[in-house]
Amino acid sequence: MSKAGSGKTLQTGLGNKMWGGRFASGPDAIMEAINASIDFDRKLYAQDIAGSKAHARMLARQGIITAGDADKIVQGLDTIASEIEAGSFEFSAKLEDIHMNVEARLAELIGEAAGRLHTARSRNDQVAVDFRIWVKQQAALCRALLRELIEAFLDKAEAHAETVMPGFTHLQTAQPVTFGHHCMAYVEMFARDRARLADAITRMDECPLGAAALAGTGFDIDRGFTAHELGFREPTRNSLDSVSDRDFAMEFLTSASICATHLSRLAEEIVIWSTPQFAFVRLSDKFSTGSSIMPQKRNPDAAELVRAKTGRINGALVALMTVMKGLPLAYSKDMQEDKEAVFDAAGNLELAIRAMTGMVADLTVNAEAMKLAAGSGYSTATDLADWLVREANVPFREAHYISGRAVALAESRGCGLADLALEDFKGIDARIDERVFDVLSVEKSVASRTSFGGTAPQNVFAQAQYWRKRLAGEGE
């Protein structure tokens, strides 16, 4: 037997709002326009329908509505989902949001039983659970996409573990590294992005449904059941907090902003490296564009657009934090503005990761140009200083000075360090002998960097294997 009263059939006329009993007249057109969110929150239709189905099943399970009414509700919601997916559902701004659009259509389909669905819940906890499910799903999607990007980098790292290139500080040639080592730096960065998203998912894995408007409900509901039905670890523990905070969305945007920053740095390097002045890499035709007037141009537009997306994603974080910063508990209508920025940022992050994965996978490396650049700018000067410390027992500060004098001499002659004669070195410091030439080539330089995390090819292979095993162990 149902514990709910019979109630009145839900009125669904466009001029009759869900709270029509309190108001004598309809809203002004401007009020209607500013109040409506259906143009963007329709994106939550699948999550809204899933939440309503779980809520209906819980109500029937607890004897709050009949099993028959619950069955009608679930069947009606399935019909609505099919209509939306088929493009035949008519969304109405007069019904404000996705929740009221779905509920009004449900009443048209199944009649009075639709009015029982909203028992023991509010739009406050309804939107909180819909949005949390969506953000949780999007965070999981971004983690999966980042895994594909990492795997593309692992392929490149192993293929170029011995490809020498210049390492830069201040965008000036510093020391030789390998391109494989450079790729593995991005593996580390994007792996941390994945970890941040995983941490965020753990914290948002609590279900707010059942918190009702702000104080909970007097109905004997089972929040653990709905949490489990919707894929959450457990229900939230405070009804006020459940409906009034959006830190799960802010945390997602924080992770997204950091990830976008990493993508932007990579995009910048691709833009620089693909110039004729560097010629380190070549983007495939799939990720390049031409010029409307200069036929020779190959523009790295995909990389440039990834770089630009960072501004939109960072802006979304600032926008949401600004919306939330002055709100008292519990729900305020300001929170309707929480979704558009998140939807936009999530979509752009997804697109940027997919684009970057394609660019990295298709990237052609000019190993000859990289090697030539690696030997420029006296990049093995530190190797000379290290050799003096290791082989001649010279204090490092003195060795640094000696190495600097050698660089000055080579620069005055317009040659590289390896092009100086032994007599030139001995003229600077008599402790230097012929063994010094073993460390002045870029190949020997990178091979010597065997410290943990260093650029030596053997390290690159080892780290790539470590990450392949770690990703396989994560099982997702």
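To keep things clear, this report deals only with the structure shown in the data block. (Residues numbered from 1 in each chain as written. Predicted model: local features only at pLDDT ≥ 70, side-chain atom pairs only at ≥ 80, totals over all residues. Heavy atoms only, no water.)

1. Regarding the pattern of salt bridges
Applying the stated rule across the entire model yields 38 salt bridges. With a shortest N-O distance of 2.9 Å, aspartate 69 and arginine 116 are connected by a salt bridge. Taken together, the residues aspartate 69 in helix H4 (residues 67-86) and arginine 116 in the loop between helix H5 (98-110) and helix H6 (123-159) connect sequence positions 47 residues apart. Its relative accessible area of 13% is what places aspartate 69 among the buried residues. (Salt bridge = Lys/Arg side-chain N within 4 Å of Asp/Glu carboxyl O. Helix = DSSP H or I, 4+ residues; strand = E, 2+ residues; numbered from the N terminus. Buried < 20%, exposed > 50% of the residue type's maximum accessible area, 1.4 Å probe, protein only.)

2. As for a nonpolar patch on the surface
A cluster of nonpolar residues, Leu214, Leu240 and Leu329, forms a patch on the protein surface that exposes about 270 Å² of accessible area. Here leucine 240 lies in helix H9 (residues 239-244). (Patch = residues over 30% accessible without salt bridge, like charges linked within 9 Å, V, L, I, M, F, W, Y side chains within 5 Å. Areas by Shrake-Rupley, 256 points an atom, 1.4 Å probe, with all protein chains shown as cover.)

3. Regarding the pairing of strand S1 (residues 164-169)
Taken together, the 6 bridges between S1 and strand S2 (residues 172-178) define a ladder with antiparallel strand orientation. Its bridge partner lying in S2, glycine 167 is registered against glutamine 175. Hairpin connection between S1 and S2: a loop of 2 residues separates the two successive antiparallel strands, and histidine 170 in this loop has a positive phi of roughly 60°. (Pairing = 2+ DSSP bridges.)

4. What to know about H5
For H5, built from 13 residues, the straight-helix expectation of 18 Å at 1.5 Å per residue is met to within 8% by its first-to-last C-alpha distance of 18 Å. In terms of residue burial, H5 counts as a mostly covered element, since 10 of its 13 residues are buried. Three or more residues of H5 are buried, namely Ile98, His99, Met100, Asn101, Val102, Glu103, Ala104, Leu106, Ala107 and Ile110. Among the residues of H5, the N-terminal cap falls to aspartate 97, whose side-chain oxygen and the backbone nitrogen of histidine 99 are separated by 3.1 Å. (Expected span 1.5 Å × (residues − 1). Polar contact = N/O pair within 3.5 Å; in protein donor to acceptor, adjacent residues only side chain to side chain.)

5. Description of the environment of histidine 99
Looking at where histidine 99 falls in the secondary structure, it is placed in helix H5. Once the C-alpha coordinates of histidine 99 and serine 239 are considered, the two residues, 140 residues apart in sequence, prove to be 20 Å apart. Beyond its immediate stretch of four places on either side in the chain, histidine 99 contacts Asp48, Arg123, Gln126, Val127 and Asp130. (Contact = heavy atoms within 4.5 Å.)

6. What to know about unusual backbone geometry
Most of the time, phi is negative for any residue but glycine, and the peptide bond is trans. Cis rather than trans, the peptide bond between leucine 329 and alanine 330 has omega equal to 10°. Here alanine 330 shows up in the loop between helix H11 (301-324) and helix H12 (339-362). Although it is not a glycine, glutamate 96 adopts a positive phi angle of roughly 70°. For glutamate 96, the location among the structural elements is in the loop between H4 and H5. Notably, alanine 120 is not glycine yet its phi reads approximately 70°, a positive angle. Following the sequence through the fold, alanine 120 ends up in the loop between H5 and H6.

7. Overview of the packing of helix H3 (residues 45-61) against H6
Between two packed helices, both the angle of their axes relative to each other and the distance between the axes serve to describe the pair. Between H3 and H6, the least distance of the axes is 9 Å, while the angle of their chain directions is 125°. By the angle between their axes, H3 is oblique relative to H6. Where H3 crosses over H6, the handedness of that crossing is right-handed. Along its contact with H3, which presents Gln47, Asp48 and Ser52, the element H6 presents Gln126, Asp130, Ile133, Trp134 and Gln137. When grouped by side-chain class, the residues that make up the contact of H3 with H6 number 2 nonpolar, 4 polar and 2 charged. (Axes fitted to C-alpha atoms, helices over the stretch in contact; angles between N-to-C directions. Parallel < 35°, antiparallel > 145°, perpendicular 65-115°, else oblique. Left-handed = near helix turned anticlockwise from the far one by under 90°. Nonpolar A, V, L, I, M, F, W, Y, C, P; charged D, E, K, R; others polar.)

8. Let's talk about the packing of aromatic side chains
Counted according to the given criterion, the structure contains 13 aromatic pairs. A centroid spacing of 4.8 Å and a plane angle of 55° characterise the contact between phenylalanine 89 and phenylalanine 91, whose relative ring orientation is tilted. The buried category is assigned to phenylalanine 89, whose relative accessible area is 9%. We classify phenylalanine 91 as partly exposed; its relative accessible area is 24%. With 6.0 Å between their ring centres and 65° between their planes, phenylalanine 179 and tryptophan 273 make a pair best called edge-to-face. Taken together, the positions of phenylalanine 179 in helix H7 (residues 179-204) and tryptophan 273 in helix H10 (residues 247-273) put the pair 94 residues apart, joining distant regions of the chain. Members of the aromatic cluster, joined through ring pairs, are Phe168, Phe179, Trp273, Phe278 and Phe280. Positioned above the aromatic ring of phenylalanine 343, the side-chain terminus of lysine 43 is 5.5 Å from the ring centre. The aromatic ring of phenylalanine 131 is capped on one face by lysine 339, whose charged end is 5.6 Å from the ring centroid. (Phe/Tyr/Trp six-rings, centres within 6.5 Å; stacked < 30°, edge-to-face > 60°. Lys NZ or Arg CZ within 6 Å of the ring centre and 35° of its normal.)

9. Description of the nonpolar core
Nonpolar side chains tend toward joint burial in soluble globular proteins. Of all hydrophobic cores here, the largest spans 79 residues; its most connected members are Leu263 and Met356. Top contributing element to this core by residue count: H10, with 15 residues. Discounting residues that sit within four places of it in the chain, methionine 356 has contacts with Leu149, Leu263, Leu266, Ala267, Ile270 and Val306. In terms of nonpolar packing, the next biggest core, distinct from the first, is built from 26 residues, Ala56, Ala70, Ile98 and Phe225 among them. (Core = buried A, V, L, I, M, F, W, Y, C linked by side-chain atoms within 4.5 Å.)

10. Notes on the side chain of serine 264
Residue placement: serine 264 occurs in helix H10. Accessibility expressed as a relative area gives 15% for serine 264, which makes it buried. Not counting residues within four places of it along the chain, the set of residues in contact with serine 264 comprises Arg307 and Thr310.

11. Thoughts on the environment of valine 127
Tracing the sequence through the fold places valine 127 in helix H6. For valine 127, a relative accessible area of 7% corresponds to the buried category. Apart from residues no more than four positions distant in its own chain, valine 127 is found in contact with His99, Arg246 and Lys339.

12. Quick word on helix H15 (residues 396-413)
An ideal rise of 1.5 Å per residue puts 26 Å on 18 residues; H15 measures up with 26 Å between its terminal C-alpha atoms. Of all the positions in H15, only Ala399, Ile402, Ser403, Ala406, Val407 and Ala410 are classed as buried. For H15, the angular spread of buried residues about the axis comes to 145°, placing them on one side. For H15, the exposed residues set more than 90 degrees away from the buried face come down to Arg397, Tyr401, Glu411 and Ser412. On its buried side, H15 packs onto helix H14 (381-392) and helix H16 (422-428). Just downstream of H15, glycine 414 is the residue with a positive phi angle, here 70°. (Arc of directions from axis to C-beta.)

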